[in-house]
Amino acid sequence: EVQLVESGGGVVRPGGSLRLSCTASGFTFDDYGMSWVRQAPGKGLEWVAGINWNGGSTGYVDSVKGRFTISRDNAKNSLYLQMNTLRAEDTALYHCARAKSGSFPTRCDYWGQGTQVTVSS
Amino acid sequence: QSALTQPASVSGSPGQSITISCTGTRSDIGGYNYVSWYQQHPGKAPKLMIYEVSNRPSGVSNRFSGSKSGNTASLTISGLQAEDEADYYCSSYTSSTTLGFGGGTRLTVL
């Protein structure tokens, strides 16, 4: 069974940093690209960042470019999102999601339950 | 970047069919057959319902179908059931090497 478990969320002040983690199990992690997708309270889904199987291809939504970095450690079956210079508008539930193959994500086949990030003074 | 347009809400009675549209541009929906649809019940993680325009993952009811014409994709749900009441999101790969989501459509089963 595919399982994706996010962690690392919390409350942080504007301008602060957080590192989210996603631990995968139930599949061969380095066979798949991965994404981070967030959902602000009462709002819709927003794709944040994606990465291919070996980290050689990454992409970001414009609003986080230069502030967020997606990475992975295939030996640890883990996906990460380093978030710097956080803003109030980054407040959301952050999900990690598995792609269909090792290429850059074109869809999200499986989703984790998410970790909450709250940016507030 | 991609901002796909969906109606905010649709509704239908049990047994009826409904269609949700998702409008983009040549840089996303019109340029790629990487359109997906997701169902999200309150407090739950999204679930993939349709991928690559019209394909259903294993386990998804054949009451769900997808199509695309030009820059607009559509999700049709036939034989509406109470359990179909949820939020639905479209998504497309884009020429900017990103994924874009629609704003979401709340389906109410009357």
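Above this text sits the structure in question.
Keep in mind the model is a prediction, meaning the values are calculated, not measured.

Draft legend 1. Highlighting the interface of chain A and chain B. Between chain A and chain B, the contact holds 24 residues from the first and 18 residues from the second. On inspection of chain A and its partner chain B, the count reaches two salt bridges. In this structure, Lys100 of chain A engages Glu52 of chain B in a salt bridge whose closest nitrogen and oxygen atoms are separated by 2.9 Å. Summed over the shared surface of chain A and chain B, the number is five residue pairs in polar contact (both at pLDDT 80 or more). Secondary structure elements with two or more residues in the side of chain A that touches chain B: strand 4 (34-39), strand 5 (45-51) and strand 6 (58-60) of chain A. Residue classes in the side of chain A that touches chain B are distributed as nine nonpolar, eight polar and seven charged.

Draft legend 2. Representation of the pattern of salt bridges within the structure. In the structure shown here, the tally under the stated rule is nine salt bridges over all chains. The salt bridge partner of Asp62 of chain A is Lys65 of chain A, with a shortest N-O separation of 3.2 Å. Across the pair Asp87 of chain B and Arg106 of chain B runs a salt bridge whose closest N-O atoms are separated by 2.2 Å. Highlighted residues: Asp87 of chain B in strand 7 (residues 86-93) and Arg106 of chain B in strand 9 (residues 105-109), separated in sequence by 19 residues. On the basis of relative accessibility, which here comes to 46%, the residue Arg106 of chain B falls in the partly exposed class. The network of salt bridges with common partners includes Arg38, Glu46, Arg67 and Asp90 of chain A.

Reading guide: rules and limits
Residues numbered from 1 in each chain as written. Chains lettered and ligands numbered in written order. Predicted model: local features only at pLDDT ≥ 70, side-chain atom pairs only at ≥ 80, totals over all residues. Heavy atoms only, no water. Contact = heavy atoms within 4.5 Å. Salt bridge = Lys/Arg side-chain N within 4 Å of Asp/Glu carboxyl O. Polar contact = N/O pair within 3.5 Å; in protein donor to acceptor, adjacent residues only side chain to side chain. Helix = DSSP H or I, 4+ residues; strand = E, 2+ residues; numbered from the N terminus. Nonpolar A, V, L, I, M, F, W, Y, C, P; charged D, E, K, R; others polar. Buried < 20%, exposed > 50% of the residue type's maximum accessible area, 1.4 Å probe, protein only.

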